[in-house]
Amino acid sequence: MDVVLWGVLPYLTLALLIGGTIWRYRFDKFGWTTRSSQLYESRLLRIGSPLFHVGILFVVVGHVGGLIVPESLTDALGISENLYHFNALFFGSIAGFCTLAGIAILIYRRRRTGPVFMATTKNDKLMYVILVAAIVLGLWTTVVSIGAGHAAHNYRESVSPWFRSIFWLHPDVESMAAAPIQFHIHTLVGMVLFAIWPFTRLVHAFTAPLHYLFRPYIVYRSRDEVAGSAATRASRPGWAPVGTADRDHQPREGR
Amino acid sequence: MRVMAQMGMVMNLDKCIGCHTCSVTCKQAWTNRAGTEYVWFNNVETRPGQGYPRRYEDQEKWRGGWVRTRRGRLTLRGGNRFRKLLTIFASPVQPELEDYYEPWTYDYKALIEAPLGDDFPVARPKSLITGEDTKITWSANWDDDLGGASEMGHLDPIVEAVNAARGEANEKIRFEFEKTFMFYLPRICEHCLNPSCMASCPSGAIYKRAEDGIVLVDQDRCRGWRQCITGCPYKKIYFNHKSGKAEKCTFCYPRIEVGIPTVCSETCVGRLRYLGLFLYDVDKVTAAASVEDEKDLYEAQLDLLLDPNDPAVIRAAKEQGIPDDWLDAARRSPVYALAKVYKVALPLHPEYRTMPMVWYVPPLSPIVDLLAKQGHDAEDRDTLFGAIDALRIPVDYLAELFTAGDTEVVTRVLQRLAAMRAYMRDVTLDREPDAGIPASVGLTEESMRAMYRLMAIAKYEERYVIPTVSALDHQQKAHELEELACSLDYDEGPGMYGSAAFGEASGRPAPVAVETFQALRQRQTSGAETSSSSLRGRVNLLNWDGNGSPEGLFPEAHGGDE
Ligand code: HEM
Ligand code: SF4
Ligand code: SF4
């Protein structure tokens, strides 16, 4: 059982994540978008979206730090386990609660603003369920750790080695199996999230536009270069007829 | 000097009757789709009026275009790159649907399916956004023909600017325009030389075509960060709320490529649109857009346009690979003539510093109409000149639109138009024409007659001088057959007319120019009704010539699941 969960599933997840992303990039560039809903509503979005995004980006940084940087390195730098732990829990819970508050506002907005709700696909709903579950479970591990004080489980001796071992193609199943239940569930939901990631609107995060800082303002392109990706297309997504009676039959991207 | 070619347009506002044919045909061709219901690549606004979207010209609020920093550099009014990225999660300023309008349809079924009864059935308006009943409160041209101007005229940002310039309080100016001054302003994307939409796009999905300067959004690279909507001061980038991608006027590039005019131009009832080439010096664009005084921007923009008869320009253009056909078209270009030779066409809002390439001949007719109504001789040079001087408000208003408030330029243009009227009246009435009239506005008799021919007679071939891309391909020394192979040389090749591995929506699309090129050829050579086979059972309205009702024009009736 442990081998399936911590030895096989991670690779399935990775395969879906990488393969799915390549597939989507290859065949559905047109669907690769944030599908912004700011046109419909922006008052709540202006609070919720930055709160959520800034929170989640800090959470990502925290995860990268906690999972990838080995304990031996922080030890060598003279950062004690206590100090590290305190920092991780302190900043982690702030970022986590920002994220949760942000996504709560976003979901409230999605449900309550008519046009935004209309534009919410089944795919979005599934994604939200799993995303919220991952965030809540993550916060749960943090809360449990805070509650336990010094006796808290040190995931940097169980989860982190396992996480790194995945990439050495030699999964350290025992370490992971030794972690408490809340870490197990959070990790499992996380894996599900990454497995569906390429097939949801979350792909937008993979194309975060950092190159904007370095490119020239004005872009010239030759006609010939663009032949492969004409700017408009007939009988392709984006050319659905206008109407209301049939709107439920019109496929939206990802519905 | 690095010479580039730019397709440009000039609209002669005197001739616009505000019929909206251009908007409707454009919509039929391009934005008759779910997600773009509120999108008008071409819209016609009544001036004075708020425009579409409402008050888009108020850049204090919408923060579009460029501003010049104290150090003389250009930066986006919406903020620099860092700021843009930091605020990307929710755009700080972006028009909402309210600022456009909530698109609607009517519940026509209620008319057809109502049971027999005493009451007339009513087709209620239904929102195209929510599908619910809705109340219609605004649209893309709600204030058409000054509708509501007495209550809302002061909301026009240009009226505000005129008032501010004259130091008058807002309530105080009686809405003089209402009786004396009204004209229509058709607007498309300006296909700017220094587009701020492009500069705002984090993905770099918006690009300017090196061959003809048309500005397009690469739908495969757009990620819906929606910064371009704020970036464009003309608000001519729209967000397709269904696909989550930005869309804009394409200058009908599939038509332009094969030498036919844009849909809006072709169908214009007033025949007031001109299409042709400009040659310009790319290396100087940024400097021209950065001149200190806003009022110098018009001149700076004119200076960018190169004389296609100048041997040095021709040599430089050839070095850049611009073919002879194109240079020839540039020499015959009506837009160059109106903008630079006769200097009667002006750019819309040069103060946004985007170097717009759709130019306007400001309207003289409101002044003529007024004179005629008051019983004056509206064809007389002196009367007209006197009126141009006396009617300050129209001139101020036009100056706020076209010259960043410089009334001298507008006055000069209106005087030229007035002089042409006065001079040509003598010619048509077989009287001895007064050579002093052209001279008084700095033209010779011949050039005045040539200008008259271009502006008043406005033959089809003189209005539209559009070089084709096949000339470009020839230039690349491509054999006729190779050329075809070349233009079909995209990822999967012509095989794409079939379905790709993952069904219709997968794989790469056929470039639309290839599609329309084939279809056009088929139509021209076969005489049969437009075939829809190449479009998988649908009709491309861009090619349909109104001949019969080709298969696929209407959707097939569906089976029971509806
Ligand atoms: C790293 C760079 C990222 C950028 C620049 C970015 C940007 C955006 C933007 C512009 C929107 C559209 C908001 C709107 O106008 O409606 C959006 C929506 C969203 N993003 Fe991100 N995002 C990033 C990363 C992420 C990550 C890592 C996640 C989740 C794990 C995420 C989850 C979401 C969700 C759930 C929405 C939908 C919000 C809603 O409308 O309900 N994003 N993002
Ligand atoms: S007018 Fe057109 S080219 Fe100019 S900034 Fe706006 S969208 Fe871009
Ligand atoms: S079709 Fe021509 S005349 Fe009619 S509104 Fe459009 S630009 Fe004006």
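The name an unreviewed UniProt entry assigns to chain B is Putative nitrate reductase (Beta subunit) (NarH), from the organism Nostocoides japonicum T1-X7. Annotation of chain B in UniProt includes, under Subcellular location (unreviewed entry), the sentence "Cell envelope".

Looking at an unreviewed UniProt entry, one finds chain A named Nitrate reductase-like protein NarX, with Nostocoides japonicum T1-X7 as its source organism. Here chain A is described in UniProt, under the heading Subcellular location (unreviewed entry), as follows: "Cell membrane". Note on chain A: under the UniProt heading Function (unreviewed entry), the record states "Does not seem to have nitrate reductase activity."

**Q** Hey, could you go over the overall build of chain B for me, with residue numbers and the actual values?
**A** When you go through chain B residue by residue, the secondary structure sums to 26 helices and 14 strands. Here chain B holds 562 residues, and the buried ones make up 57% of them. Of all intrachain contacts in chain B linking residues separated by at least 6 positions in sequence, the fraction that spans at least 24 positions is 70%. Taken as a whole, chain B presents about 23400 Å² of accessible surface, with 50% of it coming from carbon and sulfur.

**Q** For the environment of Gly204(B), give the residues involved together with the corresponding values.
**A** By the element assignment, Gly204(B) lies in the loop between α8 (196-200) and β8 (206-209). For Gly204(B), a relative accessible area of 6% translates into the label buried. In this structure, the C-alpha to C-alpha distance between Gly204(B) and Asp218(B), residues 14 residues apart in sequence, is 8.9 Å. With residues up to four places along the chain from it excluded, the contact list for Gly204(B) reads Arg215(A) and Arg221(B).

**Q** Explain the coordination of the iron atom of ligand 1 to me, using residue names and the numbers behind them.
**A** Around the iron atom of ligand 1, the protein contributes the donor atoms His53(A) (NE2) and His204(A) (NE2), at 1.9 to 2.0 Å from the metal centre. Among the residues examined, His204(A) registers a relative accessible area of 15% and is labelled buried.

**Q** Give a detailed account of the pairing of strand β10 (residues 237-240) of chain B, specifying residues and quantitative values.
**A** Residues and elements named next belong to chain B. The two faces of β10 match: Ile 237 and Phe 239 on one face and Tyr 238 and Asn 240 on the other face are all buried. Here β10 pairs with strand β11 (residues 245-248) via four bridges, running antiparallel. Opposite Phe 239, over in β11, you have Ala 246 as the bridge partner. The antiparallel pairing of β10 with β11 creates a hairpin that spans four residues between the two strands, and Gly 244 there sits at a positive phi of about 75°.

**Q** Give a detailed account of the packing of helix α6 (residues 122-148) of chain A against helix α9 (residues 181-196) of chain A, specifying residues and quantitative values.
**A** All names here are of chain A. Across the interface, α6 lies against α9 with an axial gap of 9 Å and an inter-helix angle of 155°. For the element pair α6 / α9, the angle class is roughly antiparallel. In this structure, the crossing between α6 and α9 has a hand that is left-handed. Between α6 and α9, the contacting residues are Met 127, Ile 130, Leu 131, Ala 133, Ala 134, Leu 137, Gly 138, Trp 140, Thr 141, Val 144 and Ser 145 on the first element and Gln 182, Phe 183, Ile 185, His 186, Val 189, Val 192, Leu 193 and Ile 196 on the second. Looking at side-chain class alone, the contact of α6 with α9 contains 14 nonpolar, five polar and no charged residues.

**Q** Before we move on, can you summarise the sheet that holds strand β13 (residues 346-347) of chain B with the specific residues and values?
**A** Residues and elements named next belong to chain B. Strands sit in the order β12-β1-β14-β13 across an open sheet of four strands; the sheet is mixed. Strand pairing shows two members of the sheet lacking a second neighbour, β12 (273-281) and β13, which therefore form its edges. Of the strand pairs in this sheet, strand β1 (residues 3-12) and β12 are connected by nine bridges, and their pairing is antiparallel. Looking across to β12, one finds that Val 3 is bridged to Asp 281.

**Q** Kindly report on the nonpolar core, identifying the contributing residues and their values.
**A** All names here are of chain B. Grouped together as the largest cluster of nonpolar side chains are 162 residues, with contacts concentrated most on Tyr 38 and Trp 359. Looking at this core element by element, the count peaks at 11 residues for helix α20 (residues 407-428). Here this core spans two domains, since at least three of its residues come from each of domain 1 (1-14 + 189-361 + 465-482) and domain 2 (363-463). Discounting residues that sit within four places of it in the chain, Trp 359 has contacts with Met 9, Val 10, Met 11, Phe 278, Tyr 298, Gln 301, Leu 302, Leu 305, Ala 339, Ala 345, Leu 346 and Pro 347.

**Q** Go over the domain arrangement of chain B with me, naming the residues and quoting the values.
**A** Residues and elements named next belong to chain B. When its domains are assigned, chain B resolves into domain 1 (1-14 + 189-361 + 465-482) and domain 2 (363-463). Each of domain 1 and domain 2 was reduced to a C-alpha centroid, and the two centroids are 28 Å apart. Between domain 1 and domain 2, the residue contacts involve 29 residues of the former and 26 residues of the latter. Buried surface at the junction of domain 1 and domain 2, summed over both partners, amounts to about 2400 Å²; 62% is from carbon and sulfur atoms. Applying the counting rule to domain 1 against domain 2 returns eight residue pairs in polar contact (both at pLDDT 80 or more). Looking at the side of domain 1 that touches domain 2, the elements with two or more residues in it are β12, α13 (297-304), α16 (334-341), β13 and β14 (358-361). For the side of domain 1 that touches domain 2, the leading source of residues is α16, giving four residues.

**Q** Pulling in residues and values, what's your account of the environment of Ile218(A)?
**A** Position of Ile218(A) among the secondary structure elements: in the loop between α9 and β1 (220-221). When residues no more than four places from it in sequence are discounted, the contact partners of Ile218(A) are Asn194(B), Pro195(B) and Met198(B).

**Q** Tell me about the UniProt feature "binding site: heme b" (unreviewed entry) in chain A, and name the residues and values.
**A** Within the UniProt annotation, "binding site: heme b" (unreviewed entry) is assigned to His53(A), His63(A), His186(A) and His204(A). Maximum C-alpha separation among the annotated residues is 23.1 Å over a sequence range of 152 residues, too wide for a single clustered spot. Note that His53(A) resides in helix α2 (residues 43-68). Filtering out sequence-adjacent residues up to four positions away, His53(A) remains in contact with His204(A) and Phe89(B). Residue position: His186(A) is located in helix α9. When near neighbours in sequence (up to four residues on either side) are disregarded, His186(A) contacts His63(A), Ala134(A), Leu137(A), Gly138(A) and Thr141(A). Polar side-chain contacts of His186(A) include one of 3.2 Å to the backbone oxygen of Ala134(A).

**Q** Lay out the packing of α2(A) against helix α7 (residues 159-167) of chain A with the relevant residues and their values.
**A** When two helices pack together, their arrangement is given by the angle between the helix axes and by the axis-to-axis distance. Residue and element names in this part refer to chain A. Relative orientation of the contacting elements α2 and α7 amounts to 90°, with a least axis distance of 8 Å. Overall, the two elements α2 and α7 adopt an arrangement that is roughly perpendicular. Here Gly 66, Leu 67 and Ile 68 of α2 come into contact with α7, specifically with Val 159, Ser 160, Phe 163 and Arg 164. Of the residues in the contact of α2 with α7, the class split is four nonpolar, two polar and one charged.

**Q** Before we move on, can you summarise a nonpolar patch on the surface with the specific residues and values?
**A** On the surface, Val3(A), Val4(A), Val8(A) and Leu12(A) cluster together to form a nonpolar patch covering roughly 340 Å² of accessible area. By the secondary structure assignment, Val3(A) is in helix α1 (residues 2-27).

**Q** Give a detailed account of the UniProt feature "domain: NarG-like" (unreviewed entry) in chain A, specifying residues and quantitative values.
**A** With numbering matched to this structure, UniProt assigns "domain: NarG-like" (unreviewed entry) to residues 3-223 of chain A. Each end of residues 3-223 of chain A is marked by a C-alpha atom, and these two atoms are 54 Å apart; helix forms 69% of the span and strand 1%.

**Q** Break down the sheet that holds strand β9 (residues 215-217) of chain B for me, citing the residues and quoting the values.
**A** Pairing in this open sheet of three strands is mixed, and the strands run β1(A)-β8(B)-β9(B) from one edge to the other. Looking at the sheet topology across the chains shown, the edges are occupied by β1 of chain A together with β9 of chain B. For β1(A) and β8(B), the ladder comprises two bridges, and the chain directions are parallel. Among the inter-strand pairings, Tyr220(A) is bridged to a residue of β8(B), identified as Lys208(B).

**Q** Lay out the site of ligand 2 with the relevant residues and their values.
**A** Around ligand 2, the structure places Cys189(B), Glu190(B), His191(B), Cys192(B), Pro195(B), Ser196(B), Cys197(B), Val215(B), Cys232(B), Tyr234(B), Ile237(B) and Lys248(B). Across the shell around ligand 2, the residue classes tally to eight nonpolar, two polar and two charged.

**Q** Kindly report on the state of the cysteines, identifying the contributing residues and their values.
**A** On inspection of all chains with the given rule, the structure shows zero disulfides over all chains. Cys264(B) carries a free sulfur, and the closest cysteine sulfur to it, the one in Cys252(B), is 6.1 Å from it.

Analysis parameters
- Residues numbered from 1 in each chain as written.
- Chains lettered and ligands numbered in written order.
- Predicted model: local features only at pLDDT ≥ 70, side-chain atom pairs only at ≥ 80, totals over all residues.
- Heavy atoms only, no water.
- UniProt positions renumbered as here; feature names shortened; annotations may be inferred.
- Helix = DSSP H or I, 4+ residues; strand = E, 2+ residues; numbered from the N terminus.
- Buried < 20%, exposed > 50% of the residue type's maximum accessible area, 1.4 Å probe, protein only.
- Contact = heavy atoms within 4.5 Å.
- Areas by Shrake-Rupley, 256 points an atom, 1.4 Å probe, with all protein chains shown as cover.
- Donors = N, O, S within 2.8 Å, 3.2 Å for Na, K, Ca; no water.
- Pairing = 2+ DSSP bridges.
- Axes fitted to C-alpha atoms, helices over the stretch in contact; angles between N-to-C directions.
- Parallel < 35°, antiparallel > 145°, perpendicular 65-115°, else oblique.
- Left-handed = near helix turned anticlockwise from the far one by under 90°.
- Nonpolar A, V, L, I, M, F, W, Y, C, P; charged D, E, K, R; others polar.
- Core = buried A, V, L, I, M, F, W, Y, C linked by side-chain atoms within 4.5 Å.
- Domains from an automatic or database assignment.
- Buried area = accessible area lost by both parts, 1.4 Å probe.
- Polar contact = N/O pair within 3.5 Å; in protein donor to acceptor, adjacent residues only side chain to side chain.
- Patch = residues over 30% accessible without salt bridge, like charges linked within 9 Å, V, L, I, M, F, W, Y side chains within 5 Å.
- Salt bridge = Lys/Arg side-chain N within 4 Å of Asp/Glu carboxyl O.
- Near = heavy atom within 4 Å.
- Disulfide = S-S within 2.5 Å.

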